[in-house]
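# Report on the structure
Here is how the chains run, residue by residue.
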Amino acid sequence: MHIKSPTLNGSLKRVAVEELSKQGCSVTVSDLYAMQFEPRATRNDIVGCLHNSEEFNYGMETWEAYKRGGLSDDLIEEQKKVQEADLLIFQFPLYWFSMPAIMKGWMDRVLVQGFAHEFPNCYDSGLLKNKLALFSFTTGGSKEMYAKGGISGDIRYLLWPMQHGIMHFCGVKVLAPHICFAPEYVSEEKRKEMLIAWAQRLKTLWKEEPINCSPEWYFK
């Protein structure tokens, strides 16, 4: 999944597509901005009649719609991509200590109950438990700013809601994040080194073990 092409994020996406394709992987990209993906969770996500027309509950209605095949076409298409994937790479710039709104909207709308989770089938027993995810992102601040003693706090704190609260909740095993710190404030040579490092990691990505998805990994 990728957003905003004419940036380092666009180059990181391109490198990932090229390297994984060389390995014989089938790579599918959801470029959310190019797709004009709708981030808002609304009544339009449910096709046909509502389960309860008296009181609209988005979570309940999408759960019922998923069970009867009544979600909107864009959600069905994205869910198909997830179902077919062994690895989900989320490529994005960090916005306000989180993912951009359009990507959060993708999470809200695509990972519905019944498809990605269904209590008590969550966390280690989540419905997407046979998949891997990797968050690859850029920051505005330096590595020092995102250190444990830095002004922004340990970068792992920010990953808790994204990696643990979303991916792990759905059963997805999470690989260590790939972070490019402050690319706008480094030399062109340094940015090239960032792309090379990403390409090198991708060559052996399938040999990596997932992180320990526990509070200790984030807050120790």
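Now for a look at the structure at hand. (Residues numbered from 1 in each chain as written. Predicted model: local features only at pLDDT ≥ 70, side-chain atom pairs only at ≥ 80, totals over all residues. Heavy atoms only, no water.)

### A look at the packing of helix 3 (residues 73-84) against helix 4 (residues 101-110)
Two measures define how a pair of helices packs: the angle their axes make with one another and the distance between the axes. Counted only if it meets this: Helix axes are fitted to C-alpha atoms over the stretch in contact, other axes to C-alpha atoms as well, and angles between N-to-C directions run from 0 to 180 degrees. Runs of E in the DSSP output that reach at least two residues are strands. Runs of H or I that reach at least four are helices, and both are numbered from the N terminus. In these notes the angle categories are as follows: under 35 degrees is roughly parallel, over 145 is roughly antiparallel, 65 to 115 is roughly perpendicular, and the rest is oblique. Every residue pair with non-hydrogen atoms within 4.5 Å of one another is taken to be in contact. Three classes are used, and their members are as follows: Ala, Val, Leu, Ile, Met, Phe, Trp, Tyr, Cys and Pro are nonpolar, Asp, Glu, Lys and Arg are charged, and the others, Gly among them, are polar.
Following both chains from N to C, one finds helix 3 and helix 4 inclined at 90°, their axes separated by 10 Å at the closest point. Accordingly, the angle class assigned to the pair helix 3 and helix 4 is roughly perpendicular. Contact residues: D74, L75, E78, Q79 and V82 in helix 3; W106, R109 and V110 in helix 4. Residues belonging to the contact of helix 3 with helix 4 are distributed by class as follows: four nonpolar, one polar and three charged.

### Digging into the packing of aromatic side chains
As a reminder of what qualifies: Stacked, tilted and edge-to-face are the three classes assigned to paired rings of Phe, Tyr and Trp, where Trp is represented by its six-membered ring and a pair needs centres within 6.5 Å; plane angles under 30 degrees give stacked, over 60 edge-to-face, the rest tilted. Summary of the burial criterion: residues with accessible area below 20% of their type's maximum are buried, those above 50% are exposed, and those between are partly exposed, where the area comes from a 1.4 Å probe applied to protein chains only.
Within the structure shown, the criterion is met by 14 aromatic pairs. Look at F56 and Y58: their rings are 6.5 Å apart centre to centre, the planes differ by 70°, and that puts the pair in the edge-to-face class. Since its relative accessible area comes to 18%, Y58 is described here as buried. When the centroid spacing of 5.8 Å and the interplanar angle of 20° are considered together, the rings of Y157 and F219 count as stacked. In this pair, Y157 is assigned in helix 5 (residues 155-167) and F219 in helix 7 (residues 215-219), connecting sequence segments 62 residues apart. Given the relative accessible area of 41%, F219 is considered partly exposed.

### Topic: the nonpolar core
As a reminder, the rule being used: We call a set of buried residues a nonpolar core when its members are Ala, Val, Leu, Ile, Met, Phe, Trp, Tyr or Cys and they connect through side-chain atoms within 4.5 Å of each other.
Within the largest apolar cluster, 41 residues are counted, with the highest numbers of intra-cluster contacts made by F90, F92, W106, M107, L111, F135 and M167. Formed by 16 residues, the second largest nonpolar core is a distinct cluster that contains A16, M194, W198 and A199.

### Considerations on the pairing of strand 2 (residues 132-138)
Across a regular strand the side chains alternate sides, sitting on one face of the sheet and then on the other. Threshold: For a crossover, the right-handed case is the one in which the path from the first strand over the helix to the second runs clockwise, viewed with the strands pointing away from the viewer. A pair of strands is treated as paired once DSSP finds two or more bridges between them.
For strand 2, the buried fraction is high: six of the seven residues fall into the buried class. Note that the unit made of strand 1 (residues 87-93), helix 4 and strand 2 has a crossover that is right-handed. One ladder, built from two bridges, connects strand 2 with strand 3 (residues 173-174); its direction is parallel. Note that in strand 3 the partner of A133 across the bridge is V174. For strand 2 and strand 4 (residues 178-180), the ladder comprises three bridges, and the chain directions are parallel. Of the residues in strand 4, the one forming a bridge with S136 is H178.

### What about the environment of C49?
If you trace the backbone, C49 turns up in the loop between helix 1 (8-22) and helix 2 (58-67). Taking the C-alpha atoms as reference, C49 lies 9.7 Å from E61; in sequence the two are twelve residues apart.

### Thoughts on helix 1
Stated formally: One fewer than the residue count of a helix, multiplied by 1.5 Å, yields its expected span. Any N or O atom pair separated by 3.5 Å or less is treated as a polar contact, with the protein-specific requirement of one donor-capable and one acceptor-capable atom, and with residues adjacent in sequence counted only for side-chain atom pairs.
The first and last C-alpha atoms of helix 1 sit 21 Å apart over 15 residues, in line with the 21 Å expected at 1.5 Å per residue. Within helix 1, the full set of buried residues consists of L8, N9, G10, L12, V15, A16, E19 and L20. Buried positions along helix 1 lie against strand 1, strand 2, strand 4 and helix 6 (188-203). Sitting at the amino-terminal end of helix 1 is T7, which places a side-chain oxygen 3.2 Å from the backbone nitrogen of N9.

### Observations concerning the side chain of Q79
Within the secondary structure layout, Q79 lies in helix 3. Owing to a relative accessible area of 5%, Q79 belongs among the buried residues under this scheme. Ignoring anything within four residues of it in the chain, the contact list for Q79 reads Y66, L71, V110, V112 and F115.

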